[in-house]
Each structure stands twice: as C-alpha cells, then as structure tokens.
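Single-letter residue listing:
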Amino acid sequence: MQFGIFTVGDVTPDPTTGRTPTEAERIRATVAIARKAEEVGLDVFATGEHHNPPFVPSSPTTLLAYIAAQTERIILSTSTTLITTSDPVKIAEDFSVLQHLSGGRTDVMLGRGNTGPVYPWFGQDIRQAIPLTVENYGLLRRLWREETVDWEGRFRSALQGFTLAPRPLDDVPPFVWHASIRTPEIPELAAYFGDGFFANHIFWPASHTRELVGLYRRRFAHYGHGTPEQAVVGLGGQVFMRPDSQDAVNEFRPYFDNAPVYGHGPSLEEFTRQTPLTVGSPAEVIEKTLGFREYVGDYQRQLFLIDHAGLPVKTVLEQLDLLGEEVVPVLRREFAEDRPAGTPAGPTHASLLRAREDATDEGEAEAR
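Residues numbered from 1 in each chain as written. Predicted model: local features only at pLDDT ≥ 70, side-chain atom pairs only at ≥ 80, totals over all residues. Heavy atoms only, no water.

Enquirer: Just to check I follow, could you spell out the packing of helix 6 (residues 185–193) against helix 7 (residues 206–222) for this structure?
Expert: Direction vectors running N to C along helix 6 and helix 7 enclose 30 degrees, while the axes themselves pass 8 Å from each other. Relative to helix 7, the element helix 6 lies roughly parallel. Note that helix 6 runs across helix 7; the crossing there is right-handed. Counting all contacts with helix 6, which are made through Pro187, Glu188, Ala190 and Ala191, the residues of helix 7 involved are Leu212, Leu215, Tyr216, Arg219 and Phe220. For the contact of helix 6 with helix 7, a count of residues per class yields 7 nonpolar, no polar and 2 charged. (Axes fitted to C-alpha atoms, helices over the stretch in contact; angles between N-to-C directions. Helix = DSSP H or I, 4+ residues; strand = E, 2+ residues; numbered from the N terminus. Parallel < 35°, antiparallel > 145°, perpendicular 65-115°, else oblique. Left-handed = near helix turned anticlockwise from the far one by under 90°. Contact = heavy atoms within 4.5 Å. Nonpolar A, V, L, I, M, F, W, Y, C, P; charged D, E, K, R; others polar.)

Below is the structure:
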C-alpha cells in the first residue's frame, strides 16, 4: 500500500489567534509540508485544484514541479484536476512536462470539483458536468497514447493532426485516478477504462463509500480488466493526533468548529462517529484506518488530510512526525498481513512501465 497526505490549500484564519496567513505563506507552507512528508517516509503528496478564495492551488502542476525539484522519492499527485473546466490538451501537456521533471513520480486524480461558479469562469455549463467529464477524458487518453490525434467533440474545437509535446515519459502516461464524493458515473468511468478509483471518503458514512467502491469493483470486472479484487482503489481520510486522545480533541475542536468545509454544522463528536474523521491518539487513528478494509476490501492508497482549517504549520509538521513514526509503520505491517496474493500494489511509473513491457512480450510470444 501507499500512504500519503493531500491538501486542499485553504487560507483560513487560525481560530485560536485570529491570524490569517498570507497567500505566499500558505504556498510556502505547502512546500514545507510536502518535503516533510518525504522526510518521514510517506509515499505520496497530493494537492487539490481551486480557482477561488480562500484557496491557493490554482496551478497544481506548477506547485508540484517546484516540489519535485526539492524531493527525490515521493510520488506527486493531484487530489483533484478539474477535468470538466480544464482543457484536456493543457492537462496532457502539463502532466507530461511534470513527468519528465520528476523522473516519473507523477500521477493525476481527475474530478469535477465542488465549486459551481468555476464552470462559467472557464466557459462551461455545470449542467453538462458528466458529459464534459466523459468527453474530455476520452480526448486526454488519446493525446497521451496516440502520436497524431484527429478529434471532434461537442465542447471544444476540433483537433487535426495534433501531436502532444512532450510525449509522456518513456511513452507511459501518468496513472489516472478518478475521484468522486457521491456520483456513480465516476466509478463507472474508472471501471470502463481500467483506471483507479479514489473515494473522497471524508464527509460521508462508511455505507456510502462501500456502495461506490463496490460498484467500481463490479464494473471493473464486468469490463474484463480482472477480478473485483484487482481493481485499484484509493481512499481519503482526516486525522488529528496527540499522544493523549483528550488533548487532541481539546486542541482540534476550535479548528473543526470554524473549518470552511464543515464548521458550524454537526459537532466534532457527531462527525467523528459518522465519518472517517479521527481525532485522538495514534492508536485510535490506526484502529479506525484499519477498519476501512472491512468495507472496501484490500486497497492501494490511503491519503490523509491534515493541514486545513487554519492549523499552524508547526502543528501540521508534528502531525507528520506522528504519521511517519507511529502510525504508517503499523498500518503498512497490518495491511500487509493476510493480503491476498494477486492484490495489486500501489501504482508507480516503474510498475506501469513493467506492465507495458510484459504486455509487449506476451503479444510478441503470441505472434510467434
């Protein structure tokens, strides 16, 4: 399994001090957090894409390229690339460049986002969100896989004799995750192409996540990509930890109560009871995270949200120390125990390259 963190890049006042970081401070803090994630032994750092205040990651590949120059091992991903309002040609170009700069430590998570006004800002109609997703992704796949593309669709100008430059590293496109909070058409799309499915898993109860992941696994097998257990699944999650559980609750409560994503709603206790949010000791985080497997099966990637709601950078780095030293080593060991043979590992550029070479060898053997 792969373990990592994702950020939504919010610029939120610290409710305990009243201070709001500048946008520059928040961007620099994100870089420091990504570097720390590699330092403590995590596998993945991911950033969202937003085009409105109070968020700063409007250009994820720019941010990830800067982080790539300061890291050596960690996989750099998006936690949402807006496939609906971003031009597929530009997505293809940006991620090909990022692949080359990072030495292949790149994948992409596609989603529709949760900000309605972004659609007219980029000349699109939110009522066409699903058709946009399907059409844009179909074009994106072709751009990464075909030398010359002739294409015509509903939502952008036609392409004639278009060749992507640069081509993907080693001619292997980045691994694609399709992310969804609630929409069944997205796991269907992921299953159709044999891509990964990432269940956001931070707002909804376990029963909801079970349904989405179960649908994806069944349809993955239906389309002939393998057994349901061979489908590639990722989950989100939220944690806040201190060695003493009650200290964690007391410290995190004002941040939860004022968070832009769920503040002023259910109580902290209600939210932790009904969703994957875990606020407590490292042992409690381990216990709850291990429980995810009970309703989604063995999966490939677990990302935690730890840096939102105005939390100071110092606190976030302390969270990373706890993740890297006390939580993830136990999760790696426990998730590996009794993991069925044939369960896919988390995707990497090297594994995708090997899979392509193996398929080529098999094709040549059959031809002979």
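That was the structure; now back to the text.
Enquirer: What is the right way to read the layout of surface pockets from this model?
Expert: The gaps left among the atoms become clear once a water-sized probe is rolled over them. Of the volumes computed, that of the second largest pocket is approximately 420 Å³. If you list the elements that add at least two residues to the lining of the second largest pocket, you get helix 5 (129–145), strand 8 (175–180) and helix 13 (349–367). Partitioning the lining of the second largest pocket into residue classes produces 9 nonpolar, 1 polar and 6 charged. (1 Å grid on protein atoms, 1.4 Å probe; cavity = no way out; pocket = protein on both sides within 12 Å on 5 of 7 lines; lining within 4 Å. Points joined across faces, edges and corners; volume = space filled by probe spheres on them.)

Enquirer: Which parts of the structure should I look at to understand the nonpolar core?
Expert: Residues Ile5, Phe45, Tyr216, Phe252 and Leu323 are the most contacted members of the largest nonpolar core, which totals 92 residues. A total of 8 residues in this core trace back to one element, the largest contributor, which is helix 12 (residues 313–336). Apart from residues lying up to four places away in sequence, Ile5 is in contact with Ile33, Ala37, Leu42, Val44, Phe45, Ala46, Leu303, Phe304, Ile306, Leu320 and Leu323. The next biggest cluster of nonpolar side chains, apart from the first, holds 5 residues, and it includes Leu82, Tyr119, Ala129 and Leu132. (Core = buried A, V, L, I, M, F, W, Y, C linked by side-chain atoms within 4.5 Å. Buried < 20%, exposed > 50% of the residue type's maximum accessible area, 1.4 Å probe, protein only.)

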